[in-house]
Amino acid sequence: MPGSAGSHASRQPTTSGWLAFAGLLVCVVGFFNILDGLTALLKDHYYQVGSSRLLIFNYTAWGCIWLILGVAQLVIGGAILARKAWARTPGIALTALVILGQFAFLNAFPLWSTIVIALCVVGIYGLMTPTSGSVAL
């Protein structure tokens, strides 16, 4: 009987396709960052400019930075896809940090950096759009 004292309405969290898309996008960008980090560490002659022409740091430092950020993004993206509500805020923060890093790394490979920045912007939008309490599909 509805409204009786013994019944409990189960509150299911709302699902969001945007969160699922954003979680997948965070994982993809994390994978790209891992590839970028390995390239910077193992084949620094692949990039368009020498290490001295980078805005800050050298290719070895950037390789380590991209590897750390990439692994962290894979973990956070997996948590978003696993419906962990806490993962949205670190996902936004990491993705914003990657955007800043790509701007600093822009001189090394402009096309790749621009593509990753665009994916990050869409990922942040996907993480911020769903209502509070939403989970990935």
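Predicted model, so just to flag it, every value in this text is computed and none were measured.

### Concerning empty space enclosed by the protein
- One pass over the structure, following the stated rule, counts one cavity of 30 Å³ or more.
- When its volume is computed, the largest cavity comes out at roughly 50 Å³.
- Of the residues that constitute the lining of the largest cavity, the class distribution is five nonpolar, one polar and three charged.

### Comments concerning the environment of Phe 105
- By secondary structure assignment, the location of Phe 105 is in the loop between α3 (88–104) and α4 (110–128).
- Ignoring any residue separated from it by four or fewer positions in sequence, one finds Phe 105 in contact with Asp 36, Tyr 47, Leu 54, Tyr 59, Trp 62, Trp 66 and Ser 113.

### Brief notes about a nonpolar patch on the surface
- Together, Trp 18, Phe 21, Val 122 and Tyr 125 make up a nonpolar patch on the protein surface, roughly 380 Å² of accessible area in all.
- Among the structural elements, Tyr 125 can be located in helix α4.
- Classification of Tyr 125 as partly exposed rests on a relative accessible area of 46%.

### Describing the packing of helix α1 (residues 17–42) against α4
- One can describe the packing of α1 onto α4 by two numbers: an axis separation of 8 Å at closest approach and a directional angle of 150°. As summarised for this structure, α1 and α4 are arranged roughly antiparallel, according to the angle between their axes. In this structure, α1 crosses over α4, and the sense of that crossing is left-handed. For the pair α1 and α4, the contacting residues are Trp 18, Leu 19, Phe 21, Ala 22, Leu 25, Val 26, Val 29, Phe 32, Asn 33 and Asp 36 in the first and Trp 112, Val 116, Leu 119, Cys 120, Val 122, Gly 123, Tyr 125, Gly 126 and Leu 127 in the second.
- Considering only residue class, the contact of α1 with α4 consists of 15 nonpolar, three polar and one charged.

Conventions used here
Residues numbered from 1 in each chain as written. Predicted model: local features only at pLDDT ≥ 70, side-chain atom pairs only at ≥ 80, totals over all residues. Heavy atoms only, no water. 1 Å grid on protein atoms, 1.4 Å probe; cavity = no way out; pocket = protein on both sides within 12 Å on 5 of 7 lines; lining within 4 Å. Points joined across faces, edges and corners; volume = space filled by probe spheres on them. Nonpolar A, V, L, I, M, F, W, Y, C, P; charged D, E, K, R; others polar. Helix = DSSP H or I, 4+ residues; strand = E, 2+ residues; numbered from the N terminus. Contact = heavy atoms within 4.5 Å. Patch = residues over 30% accessible without salt bridge, like charges linked within 9 Å, V, L, I, M, F, W, Y side chains within 5 Å. Areas by Shrake-Rupley, 256 points an atom, 1.4 Å probe, with all protein chains shown as cover. Salt bridge = Lys/Arg side-chain N within 4 Å of Asp/Glu carboxyl O. Buried < 20%, exposed > 50% of the residue type's maximum accessible area, 1.4 Å probe, protein only. Axes fitted to C-alpha atoms, helices over the stretch in contact; angles between N-to-C directions. Parallel < 35°, antiparallel > 145°, perpendicular 65-115°, else oblique. Left-handed = near helix turned anticlockwise from the far one by under 90°.

No statement about biological role is implied by the geometric values presented.
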